[in-house]
Amino acid sequence: MSVVAKNAEASHAADAHEGDYLTHSRGFLSWALTLDHKRIGIMYLIGVMTSFLVGGILALMIRAELLTPTQLFLTNKQFNQVFTLHGAIMVFLFIIPSVPAALGNFLVPLMLGAKDVAFPRLNLCSFYLWVVGLIFFIACLLITGLDTGWTFYTPYSTTTEGPVAWATMGAFILGFSSIFTGLNFIVTINTMRPPGMTWFKMPLFLWATYSTAIIQVLATPVLGITLLLLTAERLFQIGIFDPRWNGDPVAFQHFFWFYSHPAVYIMILPAMGIISELMSVHSHKTIFGYTLIAYSSVAIALFGFLVWGHHMFTSGMADVTTIVFSALTFSVSIPSAIKVFNWLATMYKGTVQLTTPMCYALNFLFLFTIGGLTGLFLGALSADRHLHDTYFVVAHFHYVMMGGTLVAFVGGIFHWWPKMVGKMYNELWGQISCLFVFIGFNLTFLPQFVMGTRGMPRRYARYLPEFQDLHIMSSTGAFILGFGLFIALGVLIHSLMRGRKAPRNPWGGATLEWHCSSPPPHYNFASAPTVNEPYDYTPLAYHDEEHGWEYHQPNVRPTPSQSHPVIAKS
Amino acid sequence: MSTTSHAAGSEHDSQGHHGFSHPMPVWQLLAVFAALIVLTALTVFQSKFDLGNLEVWLSLFIATVKASLVILFFMHMIHDKPLNVIVFMGSFIFVALFLGFVLMDAHGYKDVVEPQEAPPAATTP
Amino acid sequence: MSATEVLDAPHHAEHGEHHHNPFQAHHFDDPEQQYDAGKLGIWLFLVTEVLFFSGMFCAYAMYRSLHPEVWEFSSRFLNPTLGAFNTGVLLFSSLTMAWGVRCAQLRQAKGLAICLTLTLGCASIFLGVKAIEYSHKWDLGLLPASMYTIQSTVTEHHEGISKWLVIFSIIPALCLAGFVGWWVWAWSNNKKAIADIAGPFAITAACYFLGVLFGMFFESGGDKEAHGPMAAVAHATVAHDSHEAHDEHATVGGSAGGHGTANAADASVDKPGGAGLFFSIYYCMTGVHALHIIGGMVVLAWLLVRATKNHFNEEYFGPVDYVGLYWHLVDLIWIYLFPLLYLIT
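Residues numbered from 1 in each chain as written. Chains lettered and ligands numbered in written order. Predicted model: local features only at pLDDT ≥ 70, side-chain atom pairs only at ≥ 80, totals over all residues. Heavy atoms only, no water.

### Examining the overall build of chain C
Move 1: For chain C, the count of helices and strands is 12 helices and 0 strands.
Move 2: In sequence order, the secondary structure elements of chain C are arranged as α-α-α-α-α-α-α-α-α-α-α-α.
Move 3: Within chain C, the fraction of its 345 residues that count as buried is 63%.
Move 4: Restricting to contacts in chain C with at least 6 residues of sequence separation, those with at least 24 account for 80%.
Move 5: Approximately 12,200 Å² of chain C is accessible, and the part contributed by carbon and sulfur atoms is 68%. (Helix = DSSP H or I, 4+ residues; strand = E, 2+ residues; numbered from the N terminus. Buried < 20%, exposed > 50% of the residue type's maximum accessible area, 1.4 Å probe, protein only. Contact = heavy atoms within 4.5 Å. Areas by Shrake-Rupley, 256 points an atom, 1.4 Å probe, with all protein chains shown as cover.)

### Examining the environment of Gln33(C)
Residues and elements named next belong to chain C.
Move 1: With respect to the secondary-structure elements, Gln33 resides in helix H2 (residues 31-66).
Move 2: Spatially, the C-alpha atoms of Gln33 and Leu66 are 49 Å apart, while their sequence positions differ by 33 residues.
Move 3: Looking at Gln33, its side chain comes within polar contact range of the main-chain nitrogen of Asp29, at 2.7 Å. (Polar contact = N/O pair within 3.5 Å; in protein donor to acceptor, adjacent residues only side chain to side chain.)

### Some points on a nonpolar patch on the surface
Residues and elements named next belong to chain A.
Move 1: On the surface, Leu53, Ile57, Phe486, Leu489, Ile493, Leu496 and Met497 cluster together to form a nonpolar patch covering roughly 660 Å² of accessible area.
Move 2: Looking at the nonpolar patch, the elements that each hand over two or more residues are helix H3 (37-65) and helix H17 (468-498).
Move 3: Following the sequence through the fold, Leu496 ends up in helix H17.
Move 4: The partly exposed category is assigned to Leu496, whose relative accessible area is 41%. (Patch = residues over 30% accessible without salt bridge, like charges linked within 9 Å, V, L, I, M, F, W, Y side chains within 5 Å. Salt bridge = Lys/Arg side-chain N within 4 Å of Asp/Glu carboxyl O.)

### Some remarks on the confidence of the model for chain C
Residues and elements named next belong to chain C.
Move 1: For chain C, the mean per-residue pLDDT works out to 82, and 80% of the residues sit at or above 70.
Move 2: Every residue in residues 1-19 is under pLDDT 50, and counting partners more than four places away or in other chains gives 33 contacts.
Move 3: Across residues 222-261, where pLDDT falls below 50, the model places 51 contacts with residues more than four positions away in sequence or in other chains.
Move 4: If you check the scores for this complex, the pTM reads 0.88 and the ipTM reads 0.91. (pLDDT = per-residue confidence, 0-100.)

### Section: the pattern of salt bridges
Move 1: For the structure on display, the rule yields 11 salt bridges over all chains.
Move 2: Residues Asp242(A) and Arg244(A) are paired through a salt bridge, measuring 2.8 Å at the closest nitrogen-oxygen approach.
Move 3: Take Asp242(A): its relative accessible area is 3%, and that puts it in the buried class.
Move 4: Residues Asp80(B) and Lys39(C) are paired through a salt bridge, measuring 3.8 Å at the closest nitrogen-oxygen approach.

### Section: the packing of aromatic side chains
Residue and element names in this part refer to chain C.
Move 1: Here the structure, examined in full by the defined rule, presents 88 aromatic pairs over all chains.
Move 2: Ring geometry for Trp138 versus Trp164: centroids 5.1 Å apart, planes at 85 degrees, classification edge-to-face. With Trp138 in helix H5 (residues 109-140) and Trp164 in helix H6 (residues 163-188), this residue pair connects regions lying 26 residues apart in the sequence.
Move 3: Consider the rings of Tyr208 and Phe209, whose centres lie 5.0 Å apart with planes at 90 degrees: the pair is edge-to-face. (Phe/Tyr/Trp six-rings, centres within 6.5 Å; stacked < 30°, edge-to-face > 60°.)

### Points about the packing of helix H16 (residues 427-453) of chain A against H17(A)
Residue and element names in this part refer to chain A.
Move 1: Remark: H16 packs on H17, axes separated minimally by 7 Å, with the N-to-C direction vectors making an angle of 155 degrees. With respect to H17, the element H16 is oriented roughly antiparallel. The interaxial crossing formed by H16 with H17 has left-handed handedness.
Move 2: When its residues are assigned to classes, the contact of H16 with H17 shows 19 nonpolar, 9 polar and no charged. (Axes fitted to C-alpha atoms, helices over the stretch in contact; angles between N-to-C directions. Parallel < 35°, antiparallel > 145°, perpendicular 65-115°, else oblique. Left-handed = near helix turned anticlockwise from the far one by under 90°. Nonpolar A, V, L, I, M, F, W, Y, C, P; charged D, E, K, R; others polar.)

### Observations concerning empty space enclosed by the protein
Residues and elements named next belong to chain A.
Move 1: Taken as a whole and judged by the stated rule, the model has 8 cavities of 30 Å³ or more.
Move 2: Quantified by volume, the largest cavity comes out at close to 140 Å³.
Move 3: Phe92, Ile96, Pro97, Leu174 and Ser178 are, among the 17 residues lining the largest cavity, the residues nearest its centre.
Move 4: Among the elements of the structure, helix H4 (76-112), helix H7 (164-191) and helix H8 (204-236) are those that each provide at least two residues to the lining of the largest cavity.
Move 5: Here the lining of the largest cavity is composed, by residue class, of 11 nonpolar, 6 polar and no charged. (1 Å grid on protein atoms, 1.4 Å probe; cavity = no way out; pocket = protein on both sides within 12 Å on 5 of 7 lines; lining within 4 Å. Points joined across faces, edges and corners; volume = space filled by probe spheres on them.)

### Brief notes about helix H15 (residues 391-421) of chain A
All names here are of chain A.
Move 1: His415 marks where H15 bends most, by close to 45 degrees; the proline Pro418 follows one to four residues later.
Move 2: Counting buried positions over the 31 residues of H15 gives 30, a clear majority of the element.
Move 3: Looking one or two residues past H15, Gly422 carries a phi angle of roughly 75 degrees, positive in sign. (Bend = angle between axes of the 7 residues up to and from the residue.)

### Details of the nonpolar core
Move 1: Counting residues in each nonpolar core, the largest one holds 311 residues, and the members touching the most others are Phe92(A), Ile240(A), Trp343(A), Phe364(A) and Phe88(B).
Move 2: With 23 residues, the single largest contributor to this core is H4(A).
Move 3: Beyond its immediate sequence surroundings of up to four residues, Phe364(A) is in contact with Ile268(A), Ala271(A), Met272(A), Ile275(A), Trp343(A), Thr369(A), Gly403(A), Gly404(A), Val407(A) and Ala408(A). (Core = buried A, V, L, I, M, F, W, Y, C linked by side-chain atoms within 4.5 Å.)

### Brief notes about the environment of His284(A)
Residue and element names in this part refer to chain A.
Move 1: Note on placement: His284 falls in the loop between helix H9 (249-283) and helix H10 (290-303).
Move 2: With relative accessibility at 18%, the residue His284 sits in the buried group.
Move 3: Placed 150 residues apart in sequence, His284 and Cys434 show a C-alpha to C-alpha distance of 21 Å.
Move 4: When near neighbours in sequence (up to four residues on either side) are disregarded, His284 contacts Thr351, Gln353, Trp507, Tyr537 and Trp549.

### Here we look at the side chain of Thr151(A)
Move 1: Position of Thr151(A) relative to the elements: it lies in the loop between helix H5 (120-143) and helix H6 (156-159).
Move 2: Those residues in contact with Thr151(A), other than ones at most four positions away along the chain, are Phe252(A), Phe256(A), Trp257(A) and Arg459(A).

### As for the interface of chain B and chain C
Move 1: Taken residue by residue, the interface counts 59 residues in chain B and 60 residues in chain C.
Move 2: Together chain B and chain C conceal approximately 5,200 Å² of surface at their shared face, both sides included; 75% is due to carbon and sulfur atoms.
Move 3: Linking chain B with chain C are 2 salt bridges, by the criterion used here.
Move 4: For the pair chain B and chain C, the number of links is 5 residue pairs in polar contact (both at pLDDT 80 or more).
Move 5: When residues of the side of chain B that touches chain C are traced back to their parent elements, those giving at least two are helix H2 (26-46), helix H3 (54-74) and helix H4 (82-109) of chain B. (Buried area = accessible area lost by both parts, 1.4 Å probe.)

### Focus: unusual backbone geometry
Residues and elements named next belong to chain A.
Move 1: Across the junction of Thr154 and Pro155, the peptide omega takes the value 0 degrees, indicating a cis bond.
Move 2: Following Ser518, the chain continues to Pro519 via a peptide bond in cis, the omega torsion being -10 degrees.
Move 3: Turning to its location among the elements, Pro519 is positioned in the loop between H17 and strand S1 (540-543).
Move 4: Positive phi, normally seen in glycine, also occurs at Lys349, with a value near 65 degrees.
Move 5: Relative to the elements of secondary structure, Lys349 occurs in the loop between helix H12 (333-347) and helix H13 (356-379).
Move 6: In this structure, Asn524 is a non-glycine residue whose phi angle is positive, near 65 degrees.
Move 7: Along the polypeptide, Asn524 turns up in the loop between H17 and S1.
Move 8: Under the relative-accessibility criterion, Asn524 is labelled buried at 1%.

This is the structure in structure tokens:
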């Protein structure tokens, strides 16, 4: 850093007249070949939202089919294909890249005070790998017949007809996209922190992203080799997972869940990072227990590697292994609970403003807590014998994945939308969308807990008539939920066209991304910002004429520091 | 190791480096290569004796010594930052975790697995 | 991005005599930060590689510990001489790679080009030997589970050049012809810069055939006379060292005769779900490793092109170092594969 410190050079405030990152250059190629992390983040955002739309439509098809115990409009085979694609698209194309790749790409360098991620070309490469993976999944959709479930369990996946190899290669490629994103973030956070940005001055979203990246780098390669072996199994019948040749299907499940359980934390950790930001900013109060939240993110990432066996309690694992995994499973609830308590304590005696992002954050808190606590039932061996592969499991992971990650993702989009596009949105309609999501979500999945405990198995197209009332409730809820999300989308699109210009700092956040204009300039910071406490709101005051928050003492406002050579494009 | 770093350091000064490149001295590269070849010969040699269960552990031990030489010298880990060392070595902890649990489980349930092809008469007791 | 160079100038002015490095990316403060970022990046990538291979090592450990007799039976079809030879080749390529990094750090562009050519050549030799090993096994029906031929039923012994070897050699032959032609063209048109690239590439392609020759020499091992039903098995075992081959031959002979307990044990593993599974794992491990070799050759070729353009110096040698680390990792994996696959008794 001594070299850096010596580079005292006057600032070139050239970015003032070159426009923001959106208007910096124009044309299709300026987006398709961009190395700017913000543009890549926006492209990811559009991509994952489109995937979510497709996966969501498939989900509504499932719920519509389940309105009646007998066939409505999908045959058994088609039903299997629809839920398989729903799961695979939602997991591989939507949730895993949603927060880290879309919001993370946009925010990590901004929050860190860096000009870009460490490897911009790798970042773009990772986006195009995601696109290639998407093409493979579109191929599956067009070929039809993929009916293995998103888990590709052998020996069914090696014997069934349908484009299993396409799907596994697609997931393999998406895995590399995810690895490269994670690798980029670890290196960025480790080597590109500006002077003054110590580990414990980093926003908690960065801690969460860093922990996520650790999992992405360590776990995803195992999925890669598993899917590669499965593809070889499909193409050459190599037999490693196939009992016909003395192969071991339980080994496949071990391989698969060694990745896929940590992947659950790839999905939820960044969402927790978002909530840490939202809770503190919209309560205008310093986050409670910063250090504990930071450490609990890393702890979740590491504990997440120890519990994969709880997906396999009924798969024929040895007794002793099931007991070990069950015991370890409970340990992972501790860091999650630490976070929830800290968020509650953050709101306590804070100035809570029920803005749209805060509504979504509260929504998250409620839904994630239910999802997390029902996970404990499933982690207990005796209860899991009864509940395994029932709607109880379905409801549990939707509460965590959808009530947790999706709701946090939407909240995060509302929170950073003014920063991304420079436009404000209609608060009232945003809050209404949150209400619909809340009601619709609980109506969809609470009945599923009841059905699960009563023995309704998952992944069945037909069911006993006594479950019909609960299924109708659930389906109604799903459509209300879908409607709520459409309102949210409408609010965002409306703001793009009609929204008023966003101020620099609409919420009163103190992290670095609020220090640059909305939308940010092409190189983020004309000069490296002074790093202050990320959750210290005392020097901020609301300015009526700007509709945003500003530092009330001009000398506290970040001044150009004497550290970085200034980069500007002439 | 002091002479080594000194040799590397003096070369580096004469070339006017910025302080982050550590060229390995040629003699060190050649010595490591010679050691690797000797160890390869040793492992081939030990495989000719029937050491029973010990054999796999011995050959793995020799392989690990070879791997350590490659990591320390060819991959410059002795000059690397502690973080990079932790990152790379950390991966082996997760490999151990993965292998440990899967092997423990596979041996736990092997008695309940029925072989698909019936064993021939000669081996059934 | 050229504008960024200008703006980095103040920083470099301080270091006086050093000309500005055209490969410094705009978002890094100085060459050292760029190098450190790249270094951490490549170590993380190696971590992913280690975990990627760990899946196959896990499958290996599972089946070997559950079925040691399968491993004992199947390993005799692998030729430790070839394995040891290839180990030596890869170790030497690691040496030249490490030496190449040193050359890059010391601005020895010529030395770097020579080291990279040697590394590429060794990689080719390795692949040539592997081509011999694979084609030989495929001729014998030593294939993954579903395609495995029960060895006690193998009747014919392949003579002459394997068709698989011919198929493997098509691409290297085309490369050789292309690169030699390119080199001759560059030479006759006095384009030395291009000849400096085409020459090493031609040598690399030629080395594949050198590897094939070495492989043929070690694989044949002088037992051309072996024929008959179990000759294939015997053939493979003779390629072991001689005193062991004697025992093995006795075992196999007994098996063909159809009496004794040892042969019955062999028969119980000489099947798709036994030895076939071994070969599934063998092909997965060595195949993925060979793909990594080929991938490494592509990036080495890219480095070679850059080395001839004199891109590397004591401030900017990152790419050579990173590719070197990757190459050593590929070597490391082979260091484990060799005793685990070839040296089981």
